[in-house]
Amino acid sequence: QKEVEQNSGPLSVPEGAIASLNCTYSDRGSQSFFWYRQYSGKSPELIMSIYSNGDKEDGRFTAQLNKASQYVSLLIRDSQPSDSATYLCAVRVTGGGNKLTFGTGTQLKVEL
Amino acid sequence: SQTIHQWPATLVQPVGSPLSLECTVEGTSNPNLYWYRQAAGRGLQLLFYSVGIGQISSEVPQNLSASRPQDRQFILSSKKLLLSDSGFYLCARGNTGTPGGTDTQYFGPGTRLTVL
């Protein structure tokens, strides 16, 4: 079982819609969770981090964490074509110090 | 601001040739530094990380090595490249002096390596 799993997509949503990206993880003791956005050919850029159960909002982005169910999600409201990218979920696993384990990413396409 | 530089941006090397990729960080002292590789269609794989000068931890046994000769310089090397070494190499910095389990990582622009 992969430690961090994401649906590879592509996930297609129309412009203006809400995009919902999901990530599950296997280590129940994981404490820190991150979402990165990666445009084609570019390096990942940090969007959000979340550490506690519940929702965390930053502009059009909302991260949701449910440790009991071992999933973390990212909602993008009012999706724009510029949001089209691959979204990487990263988890800091128990006992891993500062090391992050990444999912393989979900490709998001926002269509006009 | 804290900036990460990586060079070269792209590199094409023959199998069996040596490799040296450099990462430098500006605007911070004693950062945690990380080397990742992203192979085509695959996730990010942590290769090495360093919490200070001369301190290197290796995550994956392979023909790569890393060194940190200066506080803000992190070098990835190989004596003989393999075809499987092709990929997108990313340097990341963490925060300074963060205790275990609390770091946030930010990536540099990356080096795209093709081994032929």
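Computed from a predicted structure; not experimentally measured.

## Things to note about the overall build of chain B
Scanning chain B for helices and strands turns up zero helices and 11 strands. For chain B, the succession of helices and strands along the chain, N to C, is β-β-β-β-β-β-β-β-β-β-β. At 14 Å, chain B has a C-alpha radius of gyration in line with the 13 Å of a compact globule built from 116 residues. Along the first, second and third principal axes, the C-alpha atoms of chain B reach 40 × 30 × 25 Å. When the 116 residues of chain B are sorted by exposure, 47% land in the buried category. In chain B, once contacts between residues fewer than 6 apart in sequence are set aside, the share between residues at least 24 apart is 56%.

## Details of the interface of chain A and chain B
With 19 residues of chain A at the interface, the matching set in chain B holds 24 residues. Interface of chain A and chain B: buried area, both sides summed, is about 1500 Å²; carbon and sulfur atoms make up 53% of it. Of all residues in chain A, Asn98, Lys99 and Phe102 of chain A give up the largest surface area on contact with chain B, accounting jointly for 35% of the area buried on that side. Linking chain A with chain B are one salt bridge, by the criterion used here. One salt bridge in this structure joins glutamate 59 of chain B and lysine 99 of chain A, with 3.4 Å as the shortest N-O distance. Our count for the contact surface shared by chain A and chain B stands at four residue pairs in polar contact (both at pLDDT 80 or more). Considering every element that reaches the side of chain A that touches chain B, the biggest residue donor is strand S4 (residues 32-38) of chain A, with four residues.

## Quick look at the sheet that holds strand S3 (residues 19-26) of chain B
All names here are of chain B. An order of S1-S3-S8-S7 is seen for the four strands of this open sheet, with the pairing classed as antiparallel. Either end of the sheet is taken by a strand with one partner, and the two such strands are strand S1 (3-7) and strand S7 (64-70). Neighbour to neighbour, the strand axes of the sheet diverge by 20 degrees on average, direction disregarded. Pairing of S7 with strand S8 (residues 73-78), which is carried by five bridges, proceeds in the antiparallel orientation. Its bridge partner being in S8, glutamine 70 is matched across the sheet by glutamine 73.

## A closer look at the environment of asparagine 98 of chain A
Along the chain, asparagine 98 of chain A turns up in the loop between strand S9 (85-92) and strand S10 (101-102). Distance from asparagine 98 of chain A to aspartate 78 of chain A, taken between C-alpha atoms, is 33 Å for residues 20 residues apart in sequence.

Basis of the calculations
- Residues numbered from 1 in each chain as written.
- Chains lettered and ligands numbered in written order.
- Predicted model: local features only at pLDDT ≥ 70, side-chain atom pairs only at ≥ 80, totals over all residues.
- Heavy atoms only, no water.
- Helix = DSSP H or I, 4+ residues; strand = E, 2+ residues; numbered from the N terminus.
- Rg over C-alpha atoms; globule rule 2.2 N^0.38 Å.
- Buried < 20%, exposed > 50% of the residue type's maximum accessible area, 1.4 Å probe, protein only.
- Contact = heavy atoms within 4.5 Å.
- Buried area = accessible area lost by both parts, 1.4 Å probe.
- Salt bridge = Lys/Arg side-chain N within 4 Å of Asp/Glu carboxyl O.
- Polar contact = N/O pair within 3.5 Å; in protein donor to acceptor, adjacent residues only side chain to side chain.
- Pairing = 2+ DSSP bridges.
- Axes fitted to C-alpha atoms, helices over the stretch in contact; angles between N-to-C directions.

Nothing here speaks to function; it is all geometry.
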